[in-house]
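Coordinate inspection notes
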Amino acid sequence: MRATAEFAFNSVVITDADHHIIYVNPAFCHMTGYSADELAGSNPRILQGPLTESSVINRLRHDLQASGSFSGATINYRKSGNPYLVEWNISPVRNEAGDVRFYVSIQKDITQLHAEQSTGNLFAKAIDAAYDGIFITDAEGVIEFANQGFEILTGYTPTEVIGRRPSVLKSGKHDDKFYRGLWRRLNKGLPFRAMVVNQHKDGQEIHCQQTITPVKNADGEITHFISIIKDLTDRVFAELKLREQASHDSLTGLLNRRAGEIDLDVALIQAVEKSATLSLLMADIDDFKPVNDTFGHARGDEIIKAVADILMEQTRKTDKCIRWGGEEFIVLLPFCGQDKAQDIAEKIRAAMAGETFGKVGQVTLSIGVTESMADDRPATLLERVDKKLYEAKRQGKNRVAL
């Protein structure tokens, strides 16, 4: 019995019938901060203090007199004076005559558990009270929770959407390619963020900024997705559109050259300050002018947009994709060495080579890759990657030059 108690995870204390401690196990000493010698002969009330609930202690006395047993929880104090929340039960050990000889108490410090539960409850209340729409789905995309903000934003009560899929909000403004890109990122464990046009229960369009984040378990498996929908008022939406128009290419949605030049300056400064790597890709559509002249500008625009989509799909969230001009594109890859940059460039090239455009057929990319050096300026970096691009062209196109 002693050996069992010595190795027990929970704390064990034994008193005589007059409540004097005659045994404590190591777990009890660890929990209270007292040694076994310090506790021997003492009454367990030495662990009580200002926050110990008198109602619990009164019930303890009553239960021991009535039945000899007790179960409860309250605040006790360690030898250091620090409080802890303890959950414990007391059982009597009787002799053959039925008289109580000893009391055996099993105790557990539940301070951390209580804190986690309290934090969890507070977190749940905070989510439900948030003004932004928040809903949670399982790994298959079935809604398990929706907050009050979701109801305010969409018109659907939580009970109306739980068990359904987020497609209930589809407005028809986004094509299948948009949703394929969404799921491609989520299935990789990456968050997705975009301006999304959802549909209110009454049929009106809701312009939202939507963020979807995968939630993984301890094994790294995706178990849930958390979506936050932020309603953008007409004023905020207009401001965002104006800002986007000033810095983004209207055809592709990529950064325009002016914004790209600023980002290149910043990225190069950060690379120098942090002694980090910065790689640069320059891509150009092979033989684009004949395609444009033969099949028209509409088909040319379609190809340019396809390149932009591939760049966004094959790069990281921290990378910057820029329409540098006409059929030429630049990708900034911060904290990325040239070997990794070459892999990314090759994925971009292969993805484009795998597309076909009706009567146009296959359209390819040539890509130059370079890594920044300590004394680089934007102009020298651009000059070097431009040379690599035309080296890829000279070598036969549809290839990457490092």
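If you're wondering where the values come from, they're calculated on a predicted model, not measured in any experiment. (Residues numbered from 1 in each chain as written. Predicted model: local features only at pLDDT ≥ 70, side-chain atom pairs only at ≥ 80, totals over all residues. Heavy atoms only, no water.)

Observations concerning the side chain of Asn 43
- Mapped onto the fold, Asn 43 is located in the loop between helix 3 (36-39) and helix 4 (54-66).
- Under the relative-accessibility criterion, Asn 43 is labelled buried at 18%.
- Setting aside chain neighbours within four positions, we find Asn 43 in contact with Asp 18 and His 19. (Helix = DSSP H or I, 4+ residues; strand = E, 2+ residues; numbered from the N terminus. Buried < 20%, exposed > 50% of the residue type's maximum accessible area, 1.4 Å probe, protein only. Contact = heavy atoms within 4.5 Å.)

Structural notes on the pattern of salt bridges
- In the structure shown here, the tally under the stated rule is 21 salt bridges.
- Put simply, Lys 230 and Asp 132 hold a salt bridge, and the shortest N to O gap is 3.9 Å. Remark: Asp 132 occurs in the loop between helix 5 (111-129) and strand 6 (133-138) and Lys 230 occurs in strand 10 (residues 222-231); sequence separation between them is 98 residues.
- Given a relative accessible area of 23%, Asp 132 falls into the partly exposed group.
- The partner of Lys 320 in a salt bridge is Asp 263, with the nearest N and O atoms 3.3 Å apart. Placement of Lys 320 in strand 12 (residues 320-325) and of Asp 263 in helix 10 (residues 257-273) is noted, with a sequence separation of 57 residues between them.
- Residues joined in a network through salt bridges with shared partners are Asp 284, Asp 286 and Lys 393. (Salt bridge = Lys/Arg side-chain N within 4 Å of Asp/Glu carboxyl O.)

Looking at the side chain of Thr 52
- As for its position among the elements, Thr 52 is in the loop between helix 3 and helix 4.
- A polar atom in the side chain of Thr 52 sits 2.9 Å from the backbone nitrogen of Gly 49.
- A polar contact is formed between the side chain of Thr 52 and the backbone oxygen of Ile 75, at a distance of 2.6 Å. (Polar contact = N/O pair within 3.5 Å; in protein donor to acceptor, adjacent residues only side chain to side chain.)

Some thoughts on the packing of aromatic side chains
- Per the counting criterion, the structure on display carries five aromatic pairs.
- Taking 5.2 Å as the distance between ring centres and 50° as the angle between the ring planes, the aromatic pair formed by Phe 70 and Trp 88 counts as tilted. Of this pair, Phe 70 sits in strand 3 (residues 70-77) while Trp 88 sits in strand 4 (residues 83-94); the two residues are 18 residues apart in sequence, bridging distant segments of the chain.
- Judged by relative accessible area, which is 4%, Phe 70 ranks as buried.
- Residue Trp 88 is classed as buried on the basis of its relative accessible area of 7%.
- For the pair Phe 178 and Tyr 179, a centre-to-centre distance of 5.1 Å together with 90° between the ring planes defines the contact as edge-to-face. This pair shows no difference in class: Phe 178 is buried, exactly as Tyr 179 is.
- A cation over a ring is seen here: Lys 170 above Tyr 179, with NZ or CZ 4.3 Å from the ring centre. (Phe/Tyr/Trp six-rings, centres within 6.5 Å; stacked < 30°, edge-to-face > 60°. Lys NZ or Arg CZ within 6 Å of the ring centre and 35° of its normal.)

Comments concerning helix 13 (residues 338-353)
- Here helix 13 is 16 residues long and its end C-alpha atoms lie 22 Å apart, about the 22 Å a rise of 1.5 Å per residue gives.
- The inward-facing, buried residues of helix 13 contact strand 11 (278-285), helix 12 (297-314), strand 13 (328-334), strand 14 (365-371) and strand 15 (400-401). (Expected span 1.5 Å × (residues − 1).)

A few points about the sheet that holds strand 13
- Taken together, the five strands give an open sheet; going across it, the order is 12-13-11-14-15, and neighbouring strands pair in mixed fashion. For this open sheet the edge positions go to strand 12 and strand 15, each flanked by a neighbour on one side alone.
- Inspection of the sheet shows strand 12 paired to strand 13 by five bridges, in the antiparallel sense. Across the sheet, Arg 323 pairs through a bridge with Phe 329, a residue of strand 13. (Pairing = 2+ DSSP bridges.)

What about the confidence of the model for the protein?
- Put simply, the protein has an average pLDDT of 89, and 94% of its residues get 70 or more.
- Mean pLDDT across the elements of the protein bottoms out in helix 9 (residues 234-247) (64) and peaks in strand 14 (97). (pLDDT = per-residue confidence, 0-100.)

Examining unusual backbone geometry
- One non-glycine residue with positive phi stands out, namely Ser 275, at about 50°.
- You can see Ser 275 is positioned in the loop between helix 10 and strand 11.

Quick word on helix 14 (residues 378-394)
- With 17 residues, helix 14 ought to run about 24 Å at 1.5 Å a step, and its terminal C-alpha atoms sit 24 Å apart, in line with that.
- Those residues of helix 14 that fall on the buried side of the exposure criterion are Leu 381, Leu 382, Val 385, Leu 389, Ala 392 and Lys 393. The buried residues of helix 14 occupy an angular sector of 120° when projected down its axis, which confines them to one face. Exposed residues on helix 14 whose side chains face more than 90 degrees from its buried face are Lys 387 and Arg 394. (Arc of directions from axis to C-beta.)

So, the pairing of strand 1 (residues 11-16)
- Where strand 1 and strand 5 (residues 100-109) come together, six bridges link them in antiparallel fashion. Residue Asp 16 lies in a different strand from strand 5, and its bridge partner there is Phe 102.
- With antiparallel pairing between neighbouring strands as the criterion, strand 1 and strand 2 (residues 21-24) make up a hairpin whose turn holds four residues, including His 19 at a positive phi of roughly 70°.

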